[in-house]
Structure formats: structure tokens, C-alpha cells
Amino acid sequence: MPKENSLLQEIGHLRKGSEGVEVHGQCRSACISAKKFQSEEDMEFSSFLSGTERAVKTRQASLGAFEDGIITAELLEKLFMAQGAVVPNFHVYDVTKFLEDHPGGDDVLLSATGKDATDDFEDVGHSSSARAMLDDFLVGDIDTSTFPVKQKYSPPKQPHYNQDKTSEFIIKLPQFLVPLAILGLAFGIHLYSKST
Ligand code: HEM
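Residues numbered from 1 in each chain as written. Predicted model: local features only at pLDDT ≥ 70, side-chain atom pairs only at ≥ 80, totals over all residues. Heavy atoms only, no water.

- Identification of the protein as Cytochrome b5 heme-binding domain-containing protein from Coptis chinensis is taken from an unreviewed UniProt entry.
- As its UniProt record puts it under Sequence similarities (unreviewed entry), the protein is described as follows: "Belongs to the cytochrome b5 family."
- We quote the UniProt Subcellular location (unreviewed entry) comment for the protein here in full: "Endoplasmic reticulum membrane". (UniProt positions renumbered as here; feature names shortened; annotations may be inferred.)

Structure, rendered in C-alpha cells:
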């Protein structure tokens, strides 16, 4: 279940100040886990997520950040701040003590157990006092670094196709030349024997 977290907390997973592939990968998963962006149709935003230099520069320009086209933790932080996004931060809550007292009933609570209940919790529009109560039931955080990483499929390497036909030609040439030479020799002998 979620707890409206400070973005800085979530960004803590990213190495502040660092840049490049590793941070970019983490930025991307953090961005995608931000439900707000999950259904984002904005092509420019998805180019930004892919780290396309021009798209990153566009975002940097809109945020007044230095335009170097590199995604950094700071840039993502600024972006999240500007978007006002709520990033789920994978807290785990034990709600067993709260089943009887939950104003929304125990059935809804039970239906939201054992899974990511971010949407269930958010959809109700819980009050700030309900959010404050979450701390009472907090067990701990899921270590997001243990999440399985999606492996990128790379097709097996095809055996190298020989574009150079020269050696093939050299092998096949005698197959034509030898019979021709025999025919020529036979014809020569025939002519010679005729003349004598
Ligand atoms: C530990 C987690 C939760 C806490 C501390 C909590 C707390 C509360 C509180 C204090 C209220 C009273 C209204 C308010 O102040 O917003 C409430 C109402 C409600 N909650 Fe939760 N809740 C939790 C989880 C959930 C979940 C996971 C769901 C849905 C699956 C849910 C569904 C509801 C519903 C339907 C209401 C009634 C809303 C209404 O009648 O207007 N709650 N909850």
C-alpha cells in the first residue's frame, strides 16, 4: 500500500549527481512505476524516458535546467516536482490490527492484501488523516533493487554469410575447364589423325 511519499525519498534510489546508463535505467523504472506516467501517450515524454538527447534537452529547457541532453537524478527529481507526481515507494503494511476498525470495512482491506494496493488506496480518495494512520501499520519497505530486471532479447548471432564469391568461383572453374580441355584434346587428335 502506498504512502504519499516525498519524491526525494524515491529519488534516493537513484544515485544523485551521477549520470549515464545506470542512472538512466533506474530513472526509467522509477518513471514507469509512477502511475501518473504509465499511460502517458506523450511521444515526447517516452522519447525522454528512452534518453533521446533532443527530448531530454526539451525537458531540461522546460525546467530551466542546463541543457546537456543527459538524464540525471536531479533532472528527474525536478521533473517529478514539476509534475506533482506521487511515486509509490513500496511500503508494506500489516492491516490485520485494523480490520475491525477500518471505516471502509474489512472486506475492502482484505481484497487489497498481498499485492500492490496503490490504486485501491488512492481511488477511494483517503483523507490526510487516513494517510497519516498508515505509519501505524508500516512493517517495512520492499527493497526495489531485488525486483527482477527485464532482460532485453537479443537474437542469436547468425553465422557469417560469405559475401565474397571469388573462392567459390575458383573451385568451380576446373569443373568446366577440365572437360573442355579433354574435348579440345580429342578434337585435336581427331584432326591430326585425319591429316596423316
Ligand atoms: C492501512 C491502510 C488503510 C488505512 C489506514 C485506511 C484508513 C481509512 C480511513 C481513516 C477512512 C475514513 C475516511 C477517511 O478518513 O478518508 C477510510 C475509509 C475507507 N477506506 Fe480505507 N484505509 C486503508 C486502506 C484501504 C484500502 C486498501 C481500501 C480499498 C481497497 C480502502 C477503502 C476504503 C473505503 C471504501 C472507505 C470508505 C470511504 C467512504 O465511505 O467515503 N481503505 N479508510
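**A word on the coordination of the iron atom of the ligand**
Each donor-metal-donor angle in an ideal tetrahedron of four donors is 109.5 degrees, and each such angle in an ideal octahedron of six donors is either 90 or 180 degrees.
Here comes step 1: For the iron atom of the ligand, the protein coordination sphere consists of H102 (NE2) and H126 (NE2), at 2.0 to 2.1 Å.
Here comes step 2: Its six donor atoms give the iron atom of the ligand angles of 87 to 180° at the centre, a pattern that matches the octahedral case. With a gap of 24 residues between them, H102 in the loop between β1 (91-93) and α7 (106-111) and H126 in the loop between α8 (118-124) and α9 (128-137) connect regions that are remote in the sequence.
Here comes step 3: By relative accessible area, which is 22% here, H126 ends up partly exposed. (Donors = N, O, S within 2.8 Å, 3.2 Å for Na, K, Ca; no water. Tetrahedral: all angles 85-135°; square planar, octahedral: opposite > 155°, others 65-115°. Helix = DSSP H or I, 4+ residues; strand = E, 2+ residues; numbered from the N terminus. Buried < 20%, exposed > 50% of the residue type's maximum accessible area, 1.4 Å probe, protein only.)

**Focus on the pattern of salt bridges**
Here comes step 1: For the coordinates displayed, the defined rule picks out two salt bridges.
Here comes step 2: A salt bridge links K57 to E53; the shortest N-O distance between them is 3.2 Å. Highlighted residues: K57 and E53, both in helix α5 (residues 53-63), separated by four residues, approximately one helical turn.
Here comes step 3: For the salt bridge of R131 with E122, the shortest nitrogen-to-oxygen distance reads 2.9 Å.
Here comes step 4: A relative accessible area of 26% places E122 in the partly exposed class. (Salt bridge = Lys/Arg side-chain N within 4 Å of Asp/Glu carboxyl O.)

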